[in-house]
Amino acid sequence: MSEVNLDWVDDRQQQRLEEMLIVVDEDDKVIGSDTKRNCHLNENIEKGLLHRAFSVVLFNTENKVLIQQRADTKVTFPGYFTDSCCSHPLYEPAELEEKDAVGVRRAARRRLLVELGIPPEQISEEDIVFMTIYHHKAKSDRIWGEHEICYLLLVRKDVRVAPDPSETRSVRYLGPDELRELLERGARGEVRVTPWLRTIAERFLYKWWPHLDDVARLADRHTIHRV
């Protein structure tokens, strides 16, 4: 495997590259594990390496969604605007548990603390609604990329946020029109927006937004959307 220069990457991000992620097939069946580093190298992605991930869309009670800007020293898509929290369940028993996506929801609580400083007592597993799954692939640059079976999770709750600067450069709450404006600015090249934020918004969020009082009824947990 080729050597990769990581001098520009935050120390904690480098350490997390050794975390063991869940390797899956295109139907989300667990087939093994590999490091976060290996899972995000384009040379492995092009050979078909695919891992399990999640995206959280966190709404407050004013029905605005939290959008974060990724830290500039993240390995993939540094400085890009993205969803509230996106990461991976780890290859360990608690986060491998599949019934009701409980393992993924546990991972989401862990990462909401790591990225946004939201204590676990503020968001329970029951607060995290498993909505659907999407399969996406994207290059960040010539070396790094994403190839994931991604669980899309939704939370609607007022919480205290204290982002970790090694993970998150900034956060803001946006209404639907403000999010559209951000995506339009991204399309014009004025800001950088992750491809999966655009997918989440255009394929799912705008349909769900008017129904947040009873959004669980719109969940589609048996389809893997190919994007």
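Here the structure is shown first, and the text comes after it.
Residues numbered from 1 in each chain as written. Predicted model: local features only at pLDDT ≥ 70, side-chain atom pairs only at ≥ 80, totals over all residues. Heavy atoms only, no water.

A. Fine view of the pattern of salt bridges. Going through the model one piece at a time under the given rule, you end up with 20 salt bridges. Put simply, Asp213 and Arg156 hold a salt bridge, and the shortest N to O gap is 3.0 Å. With Asp213 in the loop between α7 (195-208) and β10 (224-226) and Arg156 in strand β8 (residues 145-156), the pair connects residues that are 57 residues apart, well separated along the chain. A salt bridge links Arg180 to Asp177, with the shortest nitrogen-to-oxygen separation between them at 3.3 Å. Of this pair, Arg180 and Asp177 both sit in helix α6 (residues 176-187), three residues apart, which is roughly one turn of that helix. You can call Asp177 exposed: its relative accessible area is 59%. Among the charged side chains, a salt-bridge network with shared partners connects Arg16, Lys74, Arg111, Glu115 and Glu167. (Salt bridge = Lys/Arg side-chain N within 4 Å of Asp/Glu carboxyl O. Helix = DSSP H or I, 4+ residues; strand = E, 2+ residues; numbered from the N terminus. Buried < 20%, exposed > 50% of the residue type's maximum accessible area, 1.4 Å probe, protein only.)

B. View of the state of the cysteines. Per the stated rule, a full pass over the model turns up zero disulfides. The structure places no disulfide on Cys86, whose sulfur is separated from the nearest cysteine sulfur, that of Cys85, by 6.6 Å. Since its relative accessible area comes to 13%, Cys86 is described here as buried. Its sulfur unpaired, Cys150 is 7.5 Å from the next cysteine sulfur, which belongs to Cys86. For Cys150, a relative accessible area of 1% gives the class buried. (Disulfide = S-S within 2.5 Å.)

C. Region of the structure containing the environment of Val171. Tracing the chain through its elements places Val171 in strand β9 (residues 168-174). Residue classification places Val171 among the partly exposed positions, given a relative accessible area of 33%. Sequence separation of Val171 and Ser84 is 87 residues, and the distance between their C-alpha atoms is 8.3 Å. Every residue in contact with Val171, bar those within four places of it in the chain, is listed here: Leu66, Ile67, Gln68, Leu116, Val161 and Pro163. (Contact = heavy atoms within 4.5 Å.)

D. Layout of the packing of aromatic side chains. In total, this model carries seven aromatic pairs according to the counting rule given. Here a set of aromatic residues connected by ring pairs shows up, and it is made of Phe59, Tyr206 and Trp209. The ring of Tyr206 has Arg180 sitting right over it, with the charged end atom 4.1 Å from the ring centre. (Phe/Tyr/Trp six-rings, centres within 6.5 Å; stacked < 30°, edge-to-face > 60°. Lys NZ or Arg CZ within 6 Å of the ring centre and 35° of its normal.)

E. Examining the pairing of strand β1 (residues 20-24) more closely. A large share of β1 lies buried, amounting to four of its five residues. In this structure, β1 lies alongside strand β2 (residues 30-35), joined through five bridges in antiparallel fashion. Bridging from a neighbouring strand, Ile22 pairs with Ser33 of β2. Between β1 and β2, which pair antiparallel and follow one another directly, the connecting turn spans five residues, one of which, Asp28, has a positive phi of 70°. (Pairing = 2+ DSSP bridges.)

F. Focus on helix α5 (residues 102-116). Helix length check: α5, at 15 residues, gives a terminal C-alpha distance of 21 Å against a target of 21 Å (1.5 Å per residue), a fit within 8%. Just beyond α5, the residue with positive phi is Gly117, at close to 70°. (Expected span 1.5 Å × (residues − 1).)

G. Summary view of empty space enclosed by the protein. Tallied over the full model, the rule gives one cavity of 30 Å³ or more. Space inside the largest cavity adds up to approximately 190 Å³. If you trace the largest cavity, you find 16 residues lining it, with His40, Arg70, Thr76, His88 and Glu146 closest to the centre. Elements with a minimum of two residues in the lining of the largest cavity: β6 (85-87) and β8. By residue class, the composition of the lining of the largest cavity is five nonpolar, five polar and six charged. (1 Å grid on protein atoms, 1.4 Å probe; cavity = no way out; pocket = protein on both sides within 12 Å on 5 of 7 lines; lining within 4 Å. Points joined across faces, edges and corners; volume = space filled by probe spheres on them. Nonpolar A, V, L, I, M, F, W, Y, C, P; charged D, E, K, R; others polar.)

H. Fine view of the layout of surface pockets. For the largest pocket, the calculated volume is near 200 Å³. What lines the largest pocket is a set of 17 residues, and nearest its centre among them are Asp28, Glu98, Phe130, Ile133 and Tyr151. If you list the elements that add at least two residues to the lining of the largest pocket, you get α4 (93-96), α5 and β7 (129-139). Tallied by class, residues from the lining of the largest pocket come to seven nonpolar, three polar and seven charged.

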